[in-house]
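Now for the letters of each chain:
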Amino acid sequence: MTMEKIIELLAVADAYFGKPQTDESRKAISTVWAKSDLRTAQDDIAEQAFYDVIPHCKWQNQLLPDWLARIQKIQGERLMTERCLKAHSRMQKMLKARAERNLLKE
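What comes next concerns the included structure. Note that the structure is a prediction, hence the values are computed from the model and not measured. (Residues numbered from 1 in each chain as written. Predicted model: local features only at pLDDT ≥ 70, side-chain atom pairs only at ≥ 80, totals over all residues. Heavy atoms only, no water.)

1. Some remarks on the overall build of the chain
Short version of the rule: In this description a helix means any DSSP run of H or I spanning at least four residues, a strand means any run of E spanning at least two, and both kinds are numbered starting from the N terminus. Only C-alpha atoms enter the radius of gyration, while the globule expectation follows 2.2 Å times N to the 0.38, with N the number of residues. Under the scheme applied here, a residue whose accessible area is under 20% of the maximum for its type counts as buried, over 50% as exposed, and between as partly exposed, the area being computed with a 1.4 Å probe on protein chains only. Residue contacts are counted whenever heavy atoms from the two residues lie within 4.5 Å of one another. To measure how exposed things are, a 1.4 Å probe is used in the Shrake-Rupley method; for residues, cover is taken only from the protein chains shown. In this tally, Asp and Glu contribute negative charge and Lys and Arg positive charge; neither His nor the terminal groups of the chain are included. One atom stands in for each charge, and that atom is NZ of Lys, CZ of Arg, CG of Asp or CD of Glu.
A count of helices and strands for the chain gives 4 helices and 0 strands. From first element to last, N terminus to C terminus, the chain shows the α and β order α-α-α-α. Taking 2.2 N^0.38 as the reference for a compact globule, 106 residues should give roughly 13 Å; the C-alpha atoms of the chain span a radius of gyration of 22 Å, well beyond that estimate. Its C-alpha atoms put the chain at 80 × 25 × 15 Å along the principal axes. Across the 106 residues in the chain, those meeting the buried criterion constitute 27%. Contacts in the chain between residues at least 24 apart in sequence constitute 71% of all its contacts with a sequence separation of at least 6. Carbon and sulfur atoms make up 57% of the accessible area of the chain, which totals about 7700 Å². When the 18 positive and 15 negative side-chain charges of the chain are each reduced to one mean point, those points stand 9 Å apart.

The structure is reproduced here in structure tokens:
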């Protein structure tokens, strides 16, 4: 996740919680976020997870752990979907090859 996206979502969180941060505080929070597992998340996944989680957070310090958990869940779901699609593709190729072999036998 890019630092620009982190700063953008941090501003959204500030507005949501109605607690404006000082520049110093915002820099400290963005540094913590940037050093977390958010670094490895794709921007689209991180943003989707952020907007999924923020309505359920009552405290700003709860946001990061819940956000990271949601990112992991989305990444897991995407991985599972990719694996299912690959398996489906392999199965279709196998069935097609079997049907072709059966036609050749006739």
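The discussion continues.
2. Some remarks on helix H3 (residues 43–53)
Put simply, the rule is: Each C-beta atom gives one direction from the helix axis, and the arc is the one those directions make.
Those residues of H3 not exposed but buried are Ile45, Ala46, Ala49, Phe50 and Val53. The buried residues of H3 occupy an angular sector of 135° when the element is viewed end-on, so they sit on one face. Residues of H3 that are buried sit in contact with helix H1 (3–17) and helix H4 (60–105).

These results come straight from atomic positions and should not be treated as a statement about function.
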